[in-house]
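Here is how the chains run, residue by residue.
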Amino acid sequence: MSALKIQKGTSKHSAYDLRDPNLEVTETHTLAAIVDNEPGVLARVIGLFSGRGYNIESLTVAEVDHTGHTSRITIVTTGTPGVIEQIKAQLGRIVPVHEVHDLTVEGPSVERELALFKVKGSGDKRVEALRLADIFRANAVDSTLESFVFELTGTPSKIDAFAELMRPLGLVEVARTGVAALARGA
Amino acid sequence: MTQAMTGAKMVVQALKDQGVDVVFGYPGGAVLPIYDEIFLQNDIRHILVRHEQAAVHAAEGYARSTGKPGVVLVTSGPGATNAVTGLTDALMDSIPIVVLTGQVPTFMVGTDAFQEADTVGITRPCTKHNWLVKETDRLAETIHQGFHVATSGRPGPVLIDIPKDVQFATGDYIAPPAAKTGHYRPQVKGDVEIITQLVEAMETAAKPVFYTGGGVINSGDAASQLLRELVEATGFPITSTLMGLGAYPASGDKWLGMLGMHGLYEANLAMHGCDLMINVGARFDDRITGRISDFSPNSRKAHIDIDPSSINKVIHVEMPILGDVAHVLEDVLRVWKARGRKVNKEGLAKWWTQIEKWRAKKCLRYTNSDKTIKPQYALERLEALTKGRDRYVTTEVGQHQMWAAQFLGFDDPNRWMTSGGLGTMGYGFPASIGVQIAHPEALVINVAGEASWLMNMQEMGTAAQYCLPVKQFILNNERLGMVRQWQELLHGGRYSHSWSESLPDFVKLAEAFGAKGILCKDPADLDDAIMEMIEYDGPVIFDCLVEKHENCFPMIPSGEAHNKMLMGEASTEDAIGSSGAVLV
């Protein structure tokens, strides 16, 4: 995964390589920012999105390098190509942000999300829920005589699909982590 | 080398080590330990303002007129919240300032303590960066990092929030060379490949124009020198935004005057008609571009900017050059010279002929009067009588600000201090105090409107206390002139709350503070009155009663293109359409 060059000051990527700025087509991009793990850094990122009117579809954050005190923020956002380029440039100039990667344009990447589903039911519905969970390779991490909690990992669309199937079978609660993503290859 | 000392002492030591000689501030409970340390030393001068907003504007005036960061010290809670307007102003105009705020002790943070506010939360969106320092051992390094961030890359305001127990506790002081300043290192050298593309475009362009901004001034004296060299060598015309005035001399023959909403006809038409636009440290602000879809439709555009988020934010450019203005201009000159100093002589000659035709319109013409003082006339006389002096000008915000930009000429950078991005009424007076502190012998004039000036009039106390001979040149039309102008153009002449009722007697007001007041209402007396103001050794309020209903022209109505300018005598009825009316 190569860093966007905006931080290093060359002009081949990011804000420079704007596709047609008047293009009003909305795209979804997955961005990863490596940031100093210091108080307020997440507020700066969220404040940037709310203050400038950008969308956040999903956001995850956790420390990834304990010795270097850096965290990785993964953001799924939508906007026109011009807005996406602005978001990257604006993220890049936040002082504690080290790097910004646009996983959607930098090459193939993997995206995963973890979700927990509480499904309540009995009889045929309960059997069907368990059968579908097996097909989706979801694990039952808690069970009572009238409920299951399934754990499922996958792309956001797989999780959406599983939630749709569980709804008529007694889905009562869902918890999702948001997307974590990495570029493929070394 | 580390040295044990209290947090409060560390603050003063860190400021000394950063070369700070003056701090603008106002004491309060949460900064008393720092004020105690200030009391015990003589290296750093503290200027006591009368309101924290003024401390920040004074620091901005100091910073803009010296190129050094301005420093502010205020208390927690209301001290910090009063500083917010100044911080936002400095952020919009890229002014390096370091604001130190006191905070309630760490063990009381979050308890809604007396004079507690979430200062870093409130100021997060209006600073370039801010810090809450929770350990005394981290304090010195944080202050040094603050100076680094404020002055590197695109400059801006930073804020460091220091709880009172951190000020009292003892920790290890780290001097600047040893202090880590973090990974923040913006790129200053531009991409030579794109610089070469720009030079190629410069060699063939028939209708080029330099469009320069505050970035040239922020980049330092070298940038202004290189810009002058490049303009003289190529013979290209040059215009500038409000923020960039003085980077290229107003007396230079390539100078077109300011561009934008109240810019000069020749400057705006050159921007509209050019085939190569070279943006040097400006940001395509909406006061400049007018209607985006009609902005300079037939030009190739280059944009030199140190902030990647400024590039392609508003206007798409073919040649983006990320870097510091001085570094990039040096490379542009070097490459252009190495390739044989070529320009399109024939094209340029035709271009200048066209520009001379636009200039012949004399867009700043106005109808003078021998009965009332026209504001334009007042500024013409101020210019004539102060030119050649060691002069610094600050302004408030409104019509007077635009007239000052049109009628005063600046031949050097750092001589013109105005609130451009945020448009802060009340900026000019405290800014003039900051400028005068930095340049005690200079003639410092704040060109003001009476309404703006009243917003920070309490600073008369500061001017009087420190015997600062700041000249408050108030163009008094008893109106919020620019608001009135827009109400005339947009709201059928219904002047809702745009007049200044119950104005003070400014002469008596000056005298009440022990300053000098001058009232002038007759054009025949104006020169003598201005000379009296200049020659008086002390603060002066000059109450210049001007024509009440003068409008500021030329003007590009909101939502219009550069070539749709309203000139002085033009009919202004229905000049702004409904789509323009929603804009500001």
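Residues numbered from 1 in each chain as written. Chains lettered and ligands numbered in written order. Predicted model: local features only at pLDDT ≥ 70, side-chain atom pairs only at ≥ 80, totals over all residues.

**Student:** Any chance you could break down the overall build of chain A for me, citing the residues and the numbers?
**Tutor:** What chain A contains, in helices and strands, is four helices and nine strands. Mapped in sequence order, the helices and strands of chain A form the string β-α-β-β-α-β-β-α-β-β-α-β-β. For chain A, restricting intrachain contacts to residue pairs at least 6 apart in sequence, the fraction spanning at least 24 positions comes to 74%. (Helix = DSSP H or I, 4+ residues; strand = E, 2+ residues; numbered from the N terminus. Contact = placed C-beta atoms within 7 Å.)

**Student:** Please set out the overall build of chain B residue by residue, giving values where relevant.
**Tutor:** When its secondary structure is counted, chain B shows 24 helices and 20 strands. Taking 2.2 N^0.38 as the reference for a compact globule, 584 residues should give roughly 25 Å; the C-alpha atoms of chain B span a radius of gyration of 24 Å, in line with that estimate. Each principal axis of the C-alpha atoms in chain B carries an extent, and together these give about 70 × 60 × 45 Å. Taking all 584 residues of chain B together, 56% fall into the buried category. Restricting to contacts in chain B with at least 6 residues of sequence separation, those with at least 24 account for 77%. (Rg over C-alpha atoms; globule rule 2.2 N^0.38 Å. Buried ≥ 20, exposed ≤ 12 C-beta atoms within 10 Å, placed from the backbone.)

**Student:** Break down the packing of helix H11 (residues 221-234) of chain B against helix H14 (residues 325-338) of chain B for me, citing the residues and quoting the values.
**Tutor:** Residue and element names in this part refer to chain B. Contact pair H11 / H14: the axes reach a minimum separation of 8 Å and the direction vectors enclose 30 degrees. Taken as axis vectors, H11 and H14 run roughly parallel relative to one another. In the packing of H11 onto H14, the handedness of the crossing is left-handed. Contacts between H11 and H14 pair Ala 222, Ala 223, Leu 226, Leu 227, Glu 229 and Leu 230 from the former with Val 325, Ala 326, Leu 329, Glu 330, Val 332 and Leu 333 from the latter. Taken together, the residues of the contact of H11 with H14 sort by class into ten nonpolar, no polar and two charged. (Axes fitted to C-alpha atoms, helices over the stretch in contact; angles between N-to-C directions. Parallel < 35°, antiparallel > 145°, perpendicular 65-115°, else oblique. Left-handed = near helix turned anticlockwise from the far one by under 90°. Nonpolar A, V, L, I, M, F, W, Y, C, P; charged D, E, K, R; others polar.)

**Student:** Describe the domain arrangement of chain A, listing the residues and the values that go with them.
**Tutor:** Residue and element names in this part refer to chain A. Segmenting chain A into domains produces domain 1 (5-102) and domain 2 (109-183). Every contact between the two is made by seven residues of domain 1 and, on the other side, seven residues of domain 2. When residues of the side of domain 1 that touches domain 2 are traced back to their parent elements, those giving at least two are strand E1 (27-36), strand E2 (58-65) and strand E3 (70-79). Residue contributions to the side of domain 1 that touches domain 2 peak at three residues, all from E2. Looking at the side of domain 1 that touches domain 2 residue by residue, the classes come out as three nonpolar, four polar and no charged. (Domains from an automatic or database assignment.)

**Student:** Quick one: what's the story with the environment of Pro157(B), residue by residue and with numbers?
**Tutor:** Residue and element names in this part refer to chain B. By the element assignment, Pro 157 lies in strand E7 (residues 157-163). Of the residues examined, Pro 157 has 35 C-beta atoms within 10 Å and is grouped as buried. On a C-alpha basis, the gap between Pro 157 and Ala 561 in space is 34 Å, while along the polypeptide they are 404 residues apart. Each residue touching Pro 157, except ones within four places of it in the same chain, is listed here: Leu 87, Ala 90, Leu 91, Ile 95, Ile 97, Val 99, Thr 127, Lys 128 and Ala 150.

**Student:** Explain the domain arrangement of chain B to me, and be specific about the residues and the numbers.
**Tutor:** All names here are of chain B. Parsing chain B into structural domains produces domain 1 (2-174), domain 2 (192-359) and domain 3 (375-545). For domain 1 and domain 2, the distance between their C-alpha centres works out to 37 Å. On the domain 2 side, the residues contacting the six residues of domain 1 number six residues. Residue composition of the side of domain 1 that touches domain 2, grouped by class: one nonpolar, three polar and two charged.

**Student:** Please set out the sheet that holds strand E20 (residues 540-545) of chain B residue by residue, giving values where relevant.
**Tutor:** Residues and elements named next belong to chain B. A sheet is described by the order of its strands in space; here six strands give the open sequence E16-E15-E17-E18-E20-E19, paired in parallel fashion. The sheet is open, and its two edges are formed by strand E16 (416-417) and strand E19 (516-520), each paired on a single side. Two elements, strand E15 (residues 391-395) and strand E17 (residues 443-449), share five bridges in a ladder whose sense is parallel. Across the sheet, the residue bridging to Arg 391 is Leu 443, located in E17. Running at roughly 155 degrees to strand E18 (residues 471-476), helix H16 (residues 375-386) makes contact with E15, E17, E18 and E20 of the sheet. (Pairing = 2+ DSSP bridges.)

**Student:** Kindly report on the nonpolar core, identifying the contributing residues and their values.
**Tutor:** With 195 residues, the main nonpolar core has Ala55(B), Ala58(B), Ala59(B), Val72(B), Ile97(B), Leu198(B) and Leu227(B) as its most contacted residues. Counting residues per element, this core draws most heavily on helix H3 (residues 52-66) of chain B, which supplies seven residues. Setting aside residues no more than four positions away along its own chain, Leu227(B) makes contact with Thr212(B), Val216(B), Ala247(B), Tyr248(B), Val280(B) and Leu329(B). Grouped together as the second largest cluster of nonpolar side chains are 13 residues, Phe117(A), Ala129(A), Ile159(A) and Phe162(A) included. (Core = buried A, V, L, I, M, F, W, Y, C linked by C-beta atoms within 7 Å.)

**Student:** Any chance you could break down helix H23 (residues 526-535) of chain B for me, citing the residues and the numbers?
**Tutor:** Residues and elements named next belong to chain B. Buried within H23 we find Ala 529, Ile 530 and Met 533. One side of H23 carries all its buried residues, which in axial view fall inside an arc of 100 degrees. Facing away from the buried side of H23, by more than 90 degrees, are the exposed residues Asp 528 and Glu 535. (Arc of directions from axis to C-beta.)

**Student:** So what's going on with the sheet that holds strand E12 (residues 276-280) of chain B? Which residues, and what values?
**Tutor:** Residue and element names in this part refer to chain B. Judged by pairing direction, the sheet is parallel, and its six strands sit side by side in the order E11-E10-E9-E12-E13-E14 without closing on themselves. Lying at the two open borders of the sheet, with one neighbouring strand each, are strand E11 (255-258) and strand E14 (319-322). Going across the sheet, the axis of each strand differs from the next one's by a mean of 15 degrees, ignoring polarity. Relative to strand E10 (residues 238-240), strand E9 (residues 208-212) runs parallel, the two being bridged by three bridges. Paired with Tyr 211 across the strands is Thr 239, a residue of E10.

**Student:** Could you give an account of the environment of Met202(B), naming the residues involved and the relevant values?
**Tutor:** All names here are of chain B. Inspection of the secondary structure assignment puts Met 202 in helix H9 (residues 192-204). Met 202 sits 174 residues away from Gly 28 along the chain, and the two C-alpha atoms are 57 Å apart. Once you skip the residues sitting within four places of it in the chain, Met 202 turns out to touch Pro 208, Thr 234, Leu 276, Trp 336 and Val 343.

**Student:** Could you give me a rundown of the packing of H3(B) against helix H5 (residues 84-92) of chain B, with the residues and numbers involved?
**Tutor:** All names here are of chain B. H5 packs onto H3 with a crossing angle of 25 degrees between their chain directions and a minimal axis gap of 7 Å. In terms of axis orientation, H3 runs roughly parallel to H5. Between H3 and H5, the residues in contact are Gln 53, Val 56, His 57 and Glu 60 and Thr 85, Gly 86, Leu 87, Asp 89 and Ala 90, respectively.

**Student:** Describe the confidence of the model for chain B, and please don't skip the residues or the numbers.
**Tutor:** With 98% of its residues at a pLDDT of 70 or more, chain B has an overall mean of 96. Model confidence for the complex is summarised by a pTM of 0.93, with the ipTM given as 0.90. (pLDDT = per-residue confidence, 0-100.)

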